[in-house]
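# A structural walkthrough
Each chain, written out:
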Amino acid sequence: MVKIDQLSLARQLDLVFKELDHELSGLDSGVVFVQIRNNVIGKFGIRHNPITGRDGQMEVEDGGLNENQRSSFRAMALETLKFKRNWTHGEIAYDFTVRQGMILVDATMESNYNMANMMIRYPRTNTYMDSGMESSS
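First things first, this report covers the structure right here in the doc. Nothing here was measured: the structure is a model prediction, and the numbers come from that model. (Residues numbered from 1 in each chain as written. Predicted model: local features only at pLDDT ≥ 70, side-chain atom pairs only at ≥ 80, totals over all residues. Heavy atoms only, no water.)

### So, the pattern of salt bridges
Counted by the stated rule, this structure contains 6 salt bridges. For R74, the salt bridge goes to D14, with nearest N and O atoms at 2.3 Å. Of this pair, R74 sits in helix α2 (residues 67-80) while D14 sits in helix α1 (residues 9-24), and the two are 60 residues apart along the sequence. A relative accessible area of 28% places R74 in the partly exposed class. Of the charged contacts in the structure, one is a salt bridge between R70 and D21, with a shortest N-O distance of 2.8 Å. Of this pair, R70 sits in helix α2 while D21 is found in helix α1, placing the two residues 49 residues apart along the sequence. A relative accessible area of 32% places D21 in the partly exposed class. (Salt bridge = Lys/Arg side-chain N within 4 Å of Asp/Glu carboxyl O. Helix = DSSP H or I, 4+ residues; strand = E, 2+ residues; numbered from the N terminus. Buried < 20%, exposed > 50% of the residue type's maximum accessible area, 1.4 Å probe, protein only.)

If you want it as structure tokens, here you go:
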């Protein structure tokens with residue numbers, strides 16, 4: 001059996017979109033998010049509010065992304081991975097909406113770093129104590 005950490009990030013993202021395909025077919029806007037740790041997608045999902053109020057009535061919107069729009073969305077999401085640079089932990093959020101029959105996607109990348117991990121990798125030189133510039137607090 002293949003482990004998830006043996007798959008490329010692009011393949012993992014492709015699997016995410018396959019898993020979310022049915023849900024996306026019922027939505028015409030929202031945010032798809034993927035949380036990444038050690039280049040492995042852990043938590044993922046969709047943030048959306050499919051209930052719309054008009055004239056005092058709450059109704060679920062009709063429609064959603066059609067097959068071509070979902071395919072385009074997936075392709076654009078995979079394309080954004082080319083902009084990911086040197087980070088292994090973070091989140092990518094894909095804000096999507098349909099306007100005039102065309103899907104529009106804005107991607108936001110958030111990189112996360114952990115200071116504790118940096119302290120392990122870098123030797124304890126040039127600290128405040130070593131340089132004579134100790135903190136006064």
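### Structural notes on the pairing of strand β6 (residues 102-111)
Sheet analysis places strand β5 (residues 90-99) next to β6, joined by 10 bridges and oriented antiparallel. Residue E91 lies in a different strand from β6, and its bridge partner there is E110. (Pairing = 2+ DSSP bridges.)

### Concerning the sheet that holds strand β1 (residues 29-37)
Strand order in the open sheet formed by 4 strands is β2-β1-β5-β6, and the pairing between neighbours is antiparallel. The sheet is open, and its two edges are formed by β2 (40-47) and β6, each paired on a single side. Taking each pair of neighbouring strands and ignoring which way they run, the sheet shows an average axis angle of 15 degrees. The pairing of β1 with β2 spans 6 bridges and is antiparallel. Across the sheet, residue V34 finds its bridge partner in β2, namely F44. Here α1 sits on the sheet in contact with β1, β2 and β5, set at roughly 25 degrees to β2. Packed on one face of the sheet, α2 meets β1, β5 and β6 and runs near 30 degrees to β6. (Axes fitted to C-alpha atoms, helices over the stretch in contact; angles between N-to-C directions. Contact = heavy atoms within 4.5 Å.)

### Digging into the packing of aromatic side chains
The final tally for this structure, using the stated rule, is 4 aromatic pairs. With centroids separated by 5.0 Å and ring planes inclined at 75 degrees, the aromatic side chains of F17 and F73 adopt a geometry described as edge-to-face. Here F73 lies in helix α2 and F17 lies in helix α1, a separation of 56 residues in the sequence. Between the aromatic rings of F73 and Y94, the centroid separation amounts to 6.4 Å while the plane-to-plane angle is 80 degrees, which identifies the pairing as edge-to-face. Of this pair, F73 sits in helix α2 while Y94 sits in strand β5, and the two are 21 residues apart along the sequence. Relative accessible area serves as the criterion here: at 0%, Y94 is assigned to the buried category. Here the aromatic cluster, defined as three or more aromatic residues joined through ring pairs, consists of F17, F73, Y94 and F96. Against the face of F33 rests R47, its NZ or CZ located 4.2 Å from the ring centre. Geometry around W87 places K84 over its ring, the cationic atom sitting 4.8 Å from the centre. (Phe/Tyr/Trp six-rings, centres within 6.5 Å; stacked < 30°, edge-to-face > 60°. Lys NZ or Arg CZ within 6 Å of the ring centre and 35° of its normal.)

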